[in-house]
Amino acid sequence: MSPDAVRLVEVGPRDGLQNEARVVPWPARVALIDALSQAGLPVIEAGAFVAPRWVPQMADSAAVLAAIHRRAGVRYPVLVPNLKGLKAATSGGVDDIAVFAAASETFSKKNINCSIAESLERLAEVAARAKDRGIAVRGYVSCVLGCPYEGAVAIDRVVEVAAALAAMGCHEISLGDTIGVGTPRRAREMVQAVAGAVPVQRLAAHFHDTYGQALANILAVLEIGVTTFDCSVAGLGGCPYAPGASGNVATEDVVYMLDGMGIASGVDLEKLRLAGLALCQTLGRPPASRAARALAARKGRGG
Ligand SMILES: CC(C)(COP(=O)([O-])OP(=O)([O-])OC[C@H]1O[C@@H](n2cnc3c(N)ncnc32)[C@H](O)[C@@H]1OP(=O)([O-])[O-])[C@@H](O)C(=O)NCCC(=O)NCCSC(=O)C[C@@](C)(O)CC(=O)[O-]
């Protein structure tokens, strides 16, 4: 059964832009985030306090956080990999962070230069200190449906990592199909298994759209109780440590589907489309969103 309303977490300004070959100047990142909050997105991942040598696209996240126009009720989490990142984020006055681990050893090593066990130990300290300061902590698990280096990933491993993140106090666990290889039945099996350890109300789905499966996967897990979905305006995104991965599911495509199904998200599709279009003009390429392109074509015909 489908819910009446869902919560969308916009990750384009972080997950999207971190994978752009060119570094988008920080004022354009601010303009994007402000346009997204005006479009009604309730949660907008605004940047990452990671090592700039690893992900130069996310440098200047402090400048972004300082310049955005915070809209009442909107949350602006940032990615934090370690205590150094937490310190930088707290100096910038953030109220929400996201920590990230993986269900694949090789991906963990490539992405954050340590094993899964080491990462969980490191993140437990980050989460504890963040919570002491009243900062909300979200947790990500990458490679929940496959790894770019190891191929298949055992569902038990996903459950273990998700449970560890929940145990350290993450209020929500986002399950990332980092390379977009998942299909609906497997996505549902994986979520059902994780929901045995972490209540489904605390799970979010984060599907990349590499094989065009993301909307189908969303629908599959929506029907078993997931009501929080990560998505990226204009389908921006990928992962610098996941070769071949394409962007997250496009927010416009998700909102178009939800609108059609009568499921509220609070997002204005036309304002969202224009936010994505403005950024794509900066990047010099069209949006990857099918809905955005169809709506633009209809406007072109005067529709
Ligand atoms: C975790 C580290 C730092 C380990 O990297 P390391 O090289 O092992 O760390 P280190 O402690 O040895 O430090 C190396 C240098 O980085 C600096 N440093 C250290 N930490 C920080 C920091 N926080 N902020 C700024 N600088 C930092 C540190 O000060 C030092 O600088 P130096 O002395 O050489 O000049 C590195 O591997 C890293 O930053 N990785 C981030 C990778 C990343 O951002 N990946 C993308 C996000 S994950 C993702 O996209 C998946 C997700 C979430 O979307 C879900 C999905 O789809 O699956």
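The name recorded for the protein in an unreviewed UniProt entry is hydroxymethylglutaryl-CoA lyase, from Rhodospirillum rubrum. Among the UniProt annotations of the protein, the heading Pathway (unreviewed entry) holds the following wording: "Metabolic intermediate metabolism; (S)-3-hydroxy-3-methylglutaryl-CoA degradation; acetoacetate from (S)-3-hydroxy-3-methylglutaryl-CoA: step 1/1." Word for word, the UniProt comment on the protein under Catalytic activity (unreviewed entry) is "(3S)-3-hydroxy-3-methylglutaryl-CoA = acetoacetate + acetyl-CoA".

A. Examining the overall build of the protein more closely. The helix and strand tally for the protein stands at 12 helices and 9 strands. Its C-alpha radius of gyration of 18 Å places the protein within 12% of the 19 Å reference for a compact globule of 303 residues. The principal-axis extents of the C-alpha atoms in the protein amount to approximately 55 × 40 × 35 Å. In the protein, which comprises 303 residues, the proportion classed as buried is 54%. Contacts in the protein between residues at least 24 apart in sequence constitute 76% of all its contacts with a sequence separation of at least 6. Counting 30 positive and 28 negative side-chain charges, the protein places the centres of these two groups 4 Å from one another.

B. Molecular detail of the confidence of the model for the protein. Across the protein, the average pLDDT comes to 95, with 96% of residues at 70 or higher. Here the complex is predicted with pTM 0.97, and the ipTM for its interfaces comes to 0.98.

C. Spotlight on the pairing of strand β6 (residues 136-142). Across the 7 residues that make up β6, a large majority, 6, are buried. Bridge count between strand β5 (residues 96-102) and β6: 7 bridges; the pairing is parallel. Paired with Ala 101 across the bridge in β6 is Val 141. Two elements, β6 and strand β7 (residues 172-177), share 4 bridges in a ladder whose sense is parallel. When the bridges of β7 are listed, Gly 139 appears paired with Ile 173.

D. Geometry of helix α6 (residues 116-132). Along its 17 residues, α6 runs 24 Å from first to last C-alpha, staying within 8% of the 24 Å computed at 1.5 Å per residue. Of all the positions in α6, only Ile 116, Ser 119, Leu 120, Leu 123, Val 126, Ala 127 and Ala 130 are classed as buried. The buried residues of α6 occupy an angular sector of 125 degrees when projected down its axis, which confines them to one face. The exposed set on the far side of α6, more than 90 degrees from its buried face, consists of Ala 117, Glu 121 and Asp 132. Turning to α6, the residues buried within the fold contact α4 (83-91), β5, α5 (105-112), β6 and α7 (155-167). Gly 134 lies just past α6 and shows a positive phi near 75 degrees.

E. How the structure looks around the side chain of Ser 119. Its place among the elements puts Ser 119 in helix α6. Sequence-distant contacts of Ser 119, that is, excluding residues within four places in its chain, are made with Ala 101, Ser 108, Ile 112 and Cys 114.

F. Structural context of the packing of aromatic side chains. Inspection of the entire model under this criterion finds 0 aromatic pairs. Stacked on the ring of Tyr 140, the Lys or Arg Arg 138 has its end atom at 5.2 Å from the ring centre.

G. Main features of unusual backbone geometry. Positive phi values are uncommon outside glycine, yet Asp 60 reaches one of about 70 degrees. As for its position among the elements, Asp 60 is in the loop between β3 (47-48) and α3 (61-67). A residue is classified by how much of its surface remains accessible, and Asp 60, at 45% relative accessible area, is partly exposed. Phi at Cys 143 is positive, roughly 65 degrees, even though this residue is not glycine.

H. Broad picture of the pattern of salt bridges. By the definition in use, this model includes 13 salt bridges. Residue Arg 14 pairs with Asp 15 through a salt bridge whose shortest N-O separation is 3.7 Å. For the salt bridge of Glu 189 with Arg 186, the shortest nitrogen-to-oxygen distance reads 3.6 Å. Placement of both Glu 189 and Arg 186 in helix α8 (residues 184-195) is noted, with a separation of 3 residues, approximately one turn of the helix. Of the residues examined, Glu 189 reaches a relative accessible area of 39% and is grouped as partly exposed. A residue is classified by how much of its surface remains accessible, and Arg 186, at 34% relative accessible area, is partly exposed.

I. Quick peek at the layout of surface pockets. Roughly 250 Å³ of internal volume is contained in the second largest pocket. As for the second largest pocket, its lining consists of 16 residues, of which Asp 209, Ala 250, Asp 253, Ala 288 and Arg 290 are closest to the centre. The set of elements that each furnish at least two residues to the lining of the second largest pocket consists of α9 (214-222), α10 (251-261) and α12 (290-300). Of the residues contributing to the lining of the second largest pocket, the split by class is 8 nonpolar, 5 polar and 3 charged.

Rules of the game
- Residues numbered from 1 in each chain as written.
- Predicted model: local features only at pLDDT ≥ 70, side-chain atom pairs only at ≥ 80, totals over all residues.
- Heavy atoms only, no water.
- UniProt positions renumbered as here; feature names shortened; annotations may be inferred.
- Helix = DSSP H or I, 4+ residues; strand = E, 2+ residues; numbered from the N terminus.
- Rg over C-alpha atoms; globule rule 2.2 N^0.38 Å.
- Buried < 20%, exposed > 50% of the residue type's maximum accessible area, 1.4 Å probe, protein only.
- Contact = heavy atoms within 4.5 Å.
- Lys, Arg positive; Asp, Glu negative; His and termini not counted.
- Charge placed at Lys NZ, Arg CZ, Asp CG, Glu CD.
- pLDDT = per-residue confidence, 0-100.
- Pairing = 2+ DSSP bridges.
- Expected span 1.5 Å × (residues − 1).
- Arc of directions from axis to C-beta.
- Phe/Tyr/Trp six-rings, centres within 6.5 Å; stacked < 30°, edge-to-face > 60°.
- Lys NZ or Arg CZ within 6 Å of the ring centre and 35° of its normal.
- Salt bridge = Lys/Arg side-chain N within 4 Å of Asp/Glu carboxyl O.
- 1 Å grid on protein atoms, 1.4 Å probe; cavity = no way out; pocket = protein on both sides within 12 Å on 5 of 7 lines; lining within 4 Å.
- Points joined across faces, edges and corners; volume = space filled by probe spheres on them.
- Nonpolar A, V, L, I, M, F, W, Y, C, P; charged D, E, K, R; others polar.

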